[in-house]
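Read off the chains here:
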Amino acid sequence: MIERIVGFFGDETHATRRRRLFYLVLVLIVVADFLVSREHAEYLWERLPGWSAVYGFGSCVLLIFVSKFLGHQGGLMRREDYYD
Amino acid sequence: MTDFVHPALLFILGAVPIPFLKGTIRKAYLVLIPVLAILAVLTVQPGSYGAARFIGQEILVAKIDRLTIIFATVFTIMALIGMVYALHLTRPGQHVAAFVYVGSALGVVFAGDYLTLYLFWEGMAFASAYLVFAQGGERATRAAFRYLMVHITGGVALLGGIVLHGLATGSLLFGPIEGGPIGGGMGAGAYLILAGFLLNAAVPPLNAWLTDAYPEATVTGAVFMSAFTTKTAVYVLARAFPGTELLVWLGTAMALYGVVYAVLENDSRRLLAYHIVSQVGYMVAGVGIGTEMAVNGATSHAFAHILYKGLLFMGAGAVIHVTGRRKLTELGGLYRKMPLTVALYMVGAFAISAFPFFSGFVTKSMVVAAAGQDHRALVLLALTMASSGTFLHTGLKLPYYMFFGTDRKLEAREPPGNMLVAMGMAAALCIAIGVFPQPLYALLPYPVDFEPYTGVHVTESLGVLMFTALGFVLFLRALDPENTISIDTDWFYRKGARTFMWLAEKPLARYEKAVSNVSETAALPFLHGTARTGLRVDLNAVDAVVNGVARAILNGGGTLRRLQTGVVTHYALAMIAGVIAATAIFAVAWQ
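Residues numbered from 1 in each chain as written. Chains lettered and ligands numbered in written order. Predicted model: local features only at pLDDT ≥ 70, side-chain atom pairs only at ≥ 80, totals over all residues.

### So, unusual backbone geometry
Residue and element names in this part refer to chain B.
- Omega for the peptide link from Pro-204 to Pro-205 comes to 5°, which places this bond in the cis form.
- Tracing the backbone shows Pro-205 in the loop between helix H7 (188-200) and helix H8 (208-213).
- A positive phi is found at Phe-357, a non-glycine position, where the angle reads about 75°.
- Looking at the element boundaries, Phe-357 is found in the loop between helix H13 (339-353) and helix H14 (359-373).
- Judged by local crowding, Phe-357 falls into the partly exposed class, with 15 C-beta atoms found within 10 Å.
- One non-glycine residue, Lys-409, lies in the positive phi region at around 55°.
- Of note, Lys-409 is situated in the loop between helix H15 (377-403) and helix H16 (417-435). (Helix = DSSP H or I, 4+ residues; strand = E, 2+ residues; numbered from the N terminus. Buried ≥ 20, exposed ≤ 12 C-beta atoms within 10 Å, placed from the backbone.)

Structure (structure tokens):
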């Protein structure tokens, strides 16, 4: 069973179904976020349904590009024999 | 004392027979001791044990309260899992080192005074360094020496702090540092102790030892290392410095620091090591916030973290064990050959990413919620961003490039059964804690008033995580691992040492040559003359004496040469013997 589940995420044959399932999950999460009750919201953004989706996506993109910028332009990434 | 068996003693004394046991008996013994230790921890009663006086100071070998018990519980559980993972090793060295390491970590957790704490603190450093040395090869040996030197430096800072703190307060009992967050202004001693603790917690800029050494350790050694050193540091911070404002900001910065470096990393276990830095950041921040909920959060997160991080290191270790490769640029397409490893690794990945029904969800969120409750919006947002980064790397990037991605047609199979069993144990706990958080909450130092499974919390977490996945899918190519290493703060001592060596080899050597030139042109002719005169005297009178002395030196030198084995462990032993001797002399002199 485990083999089949892992295979579903790896095999090229399932690529289309995988993508559809993924987008379906994304839509469901946003819809659910509009439906749950938000009584205890303390901060402004917490009252906005869907903010976490935007924030998660933004964080991800920001982290990738800021890090890569620091790595390439900031000189953090070096050849593997740098210390030899 | 009869009603209390010190778990640290179980491990440290229990390490002695290991080399003399063989085969199945040794394996049974290696599992038996951690099981006994778990039982010992489960049956301990809060209180103080082993009070004594040493060099005029109060010593308290074991002081037990709720914070002690929860850390000791997870340490002994992890010791059992780690031992099962390492059962296939035939040579006893790593088992012995791991036992001493776990025992020392437990010694720190139980320590009621600073001297006991310091003793076990150093024991941890030496025993864990062995797990890096045991890997063999030049890279590992160099990394192990750096690891040892950094920890010895940290230990000296800690000892200095302990002495100053002891002189200032008149007591070496280990507890909240008075006058810290409340009374305003800590003394120099308290700052030195804090520095020693922060070094072991791998707080930047004192973090590089961790990401430098852990990936160089043995496959099984890294599993132990990922669990104990940083979490003992979290424990001592929670004990001595709760509510220290500085820790909030260091912890928050640390959570993001680890995530940024993880983007750049190509070595699978170094990527995971940067995530230790990031995750310990949550705990340090929680301790810094210092409210009951925050300390509960930091403690429970340490508990969950030890298990899922161990699991992740076991997964990456299994890949290294069967393929011999560690770089993401050289891995890929393993999922068909090791599906069980993939599945177990992913449980750890979901746990660290805080997916609902996995352990991270019920613990990490407590720290984040405590930050929110304490009106720290910036900390809350930064920690949420770090969560996104955690899933991005440990949950998506690492498994994608290690198990899926480009099929490199590597020879691979599932790892040995004992490794899979150990991973299964950790995975089961990761899920059990996520689904039934109450038993863990019941162990926490303060009463828990927190419900992780509310609708909004579940949808918000899933929103952050799954839209991180969307970012990953869209920008996959930007994340392709590159064949590089990243400069961290170890640059200062790795390049600094080189500058020192250059100084010694170039300017100093040139100076030495100049001096010898002068002596050759001017002093030598004069010396030759005197020497000839001297020779006559020497041949007749002095020779006899000199010959006698020379023979003595020759003999002494021979003995010394036999002592200089060049084996690192021998030197380490000599150092420990030296420390004990110095302590003894110190003790006598003090009284």
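### A look at the domain arrangement of chain B
- Partitioning chain B into structural domains gives domain 1 (242-488) and domain 2 (507-590).
- Using only C-alpha atoms to locate each centre, domain 1 of chain B and domain 2 of chain B end up separated by 56 Å. (Domains from an automatic or database assignment.)

### Some remarks on the environment of Gly-578 of chain B
Residues and elements named next belong to chain B.
- Take Gly-578: it is sitting in helix H21 (residues 568-590).
- For Gly-578, a count of 10 C-beta atoms within 10 Å gives the class exposed.
- Residues Gly-578 and Leu-535, spaced 43 residues apart in sequence, show a C-alpha to C-alpha distance of 44 Å.

### Points about the nonpolar core
All names here are of chain B.
- Of all hydrophobic cores here, the largest spans 212 residues; its most connected members are Val-234, Leu-237 and Val-284.
- Looking at this core element by element, the count peaks at 18 residues for helix H12 (residues 292-323).
- Discounting residues that sit within four places of it in the chain, Val-284 has contacts with Ala-201, Val-203, Val-234, Leu-237, Leu-247, Leu-250, Gly-251 and Met-254. (Core = buried A, V, L, I, M, F, W, Y, C linked by C-beta atoms within 7 Å. Contact = placed C-beta atoms within 7 Å.)

### Observations concerning the interface of chain B and chain A
- Listed per partner, the contact involves 42 residues of chain B and 36 residues of chain A.
- Of all elements in the fold, only helix H10 (245-264), H13, H15, helix H18 (455-474) and strand S3 (484-486) of chain B reach the threshold of two or more residues within the side of chain B that touches chain A.
- The dominant element in the side of chain B that touches chain A, judged by the number of residues it contributes, is H18 of chain B, at 14 residues.
- Of the residues assigned to the side of chain B that touches chain A, the class counts are 26 nonpolar, 12 polar and four charged.
- Examined bridge by bridge, strand S1 (residues 77-79) of chain A and S3 of chain B share three bridges and lie antiparallel to one another. Its bridge partner being in S3 of chain B, Arg-78 of chain A is matched across the sheet by Ile-485 of chain B. (Nonpolar A, V, L, I, M, F, W, Y, C, P; charged D, E, K, R; others polar. Pairing = 2+ DSSP bridges.)

### Some thoughts on the packing of helix H3 (residues 66-85) of chain B against H16 of chain B
Residues and elements named next belong to chain B.
- Running from N to C, H3 and H16 point in directions that differ by 155°, and their axes come no closer than 7 Å. Taken as axis vectors, H3 and H16 run roughly antiparallel relative to one another. Across the interface between the two elements, Ile-81, Val-84 and Tyr-85 from H3 touch Asn-418, Met-419, Val-421, Ala-422, Met-425 and Ala-426 from H16.
- Looking at the contact of H3 with H16 residue by residue, the class counts come to eight nonpolar, one polar and no charged. (Axes fitted to C-alpha atoms, helices over the stretch in contact; angles between N-to-C directions. Parallel < 35°, antiparallel > 145°, perpendicular 65-115°, else oblique.)

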